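# Structural overview
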Amino acid sequence: MINVVIFGAPGSGKGTQSNFMKEHYKLVHISTGDVLRDHIARKTELGEVAKSFIDKGQLIPDELMISILGDVIDSHKDKAQNGFIFDGFPRTIAQAQALEGLLADRDMKLNCVVGLDVPDEVLIERLVNRGKESGRSDDNLETIKDRIAVYYKVTSPLKDYYCERNLFHSVKGWGDIDKITASVWAVIDNSL
Ligand code: AP5
Ligand code: MG
């Protein structure tokens, strides 16, 4: 079993690389952003709460996000013999600590954290372009800038957190997609 966190700023390619990884390693892909957007689309109570944060580029409160993740892991357990990709989680130190517990409670552990390193101007260009078609309420320039600011303030400190645990591996995340994919897979292969 292999459990991977794909880490990076908004627009760094977490979803793109997760799609390749899940096919290659036969993993279950959990994107917390996708989970929340699904609740918004289904107009659930949680979706309503999530929308109020997502539209401002702010994070959903830790306690809520952590309990959602536990439920999502359990709902996919049967299909996840090979393991999970966590995309967009953890985003705070509290979430990282919680993930350790959520995995340990289920006799699992994290194998590696792959960080996609992409310059801000590339992130903004990608997300502004995607916003023309994505329909994502947070893909507009103002909210994109807020999302990136939140990333630097509360999420990027996780790099040190995972470096201290010898789990963090940075990969150049811009340019040729195939080269990025090869670098991501090399990190995972080395962590097996
Ligand atoms: P989330 O859905 O996770 O969004 P994000 O982190 O802002 O990242 P994106 O999904 O926008 O980008 P990505 O890194 O997946 O890149 P992608 O592959 O799409 O979270 C949304 C919101 O939900 C958060 O702001 C927060 O409010 C809430 N939330 C989610 N998780 C939470 C948590 N744990 N705690 C609290 N709140 C949470 O690529 C982007 C674009 O670039 C695409 O168009 C793609 O085609 C293109 N692209 C990718 N790679 C390349 C390349 N190499 N070259 C050229 N283009 C590329
Ligand atoms: Mg994504």
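I will try to describe carefully the structure that is included in this document.

Calculation criteria
- Residues numbered from 1 in each chain as written.
- Chains lettered and ligands numbered in written order.
- Predicted model: local features only at pLDDT ≥ 70, side-chain atom pairs only at ≥ 80, totals over all residues.
- Heavy atoms only, no water.
- Helix = DSSP H or I, 4+ residues; strand = E, 2+ residues; numbered from the N terminus.
- Contact = heavy atoms within 4.5 Å.
- Near = heavy atom within 4 Å.
- Polar contact = N/O pair within 3.5 Å; in protein donor to acceptor, adjacent residues only side chain to side chain.
- Areas by Shrake-Rupley, 256 points an atom, 1.4 Å probe, with all protein chains shown as cover.
- Nonpolar A, V, L, I, M, F, W, Y, C, P; charged D, E, K, R; others polar.
- Buried < 20%, exposed > 50% of the residue type's maximum accessible area, 1.4 Å probe, protein only.

### Here's the deal with the environment of F20
- Looking at the secondary structure, you find F20 in helix α1 (residues 14–25).
- Put simply, F20 and T181 are 161 residues apart on the chain and 7.5 Å apart in space, counted from C-alpha to C-alpha.
- Beyond its immediate chain neighbours, meaning those up to four positions away, F20 contacts I177, T181 and W185.

### Overview of the site of ligand 1
- Residues in contact with ligand 1 amount to 30 residues; listed here are only the nearest, T16, Q58, R91, R130 and R147.
- The contact in question runs from an oxygen atom of ligand 1 to an N or O atom on the backbone of S12, over 3.3 Å.
- Note that an oxygen atom of ligand 1 is positioned 2.5 Å from one of the side-chain N or O atoms of T16.
- Protein chains bury 86% of the 1,000 Å² of accessible surface belonging to ligand 1 in isolation.
- If you tally residues by element for the shell around ligand 1, the top one is helix α2 (residues 32–41), at four residues.
- Broken down by class, the residue content of the shell around ligand 1 amounts to 11 nonpolar, 11 polar and eight charged.

### Section: the environment of Q58
- Within the secondary structure, Q58 sits in the loop between α3 (45–54) and α4 (62–76).
- Assessed through its relative accessible area of 39%, Q58 is described here as partly exposed.
- Separated by 92 residues in sequence, Q58 and V150 have C-alpha atoms that sit 6.9 Å apart.
- Contacts of Q58, omitting those with residues within four sequence positions, involve F53 and V150.

The analysis is restricted to geometry; functional conclusions fall outside its scope.
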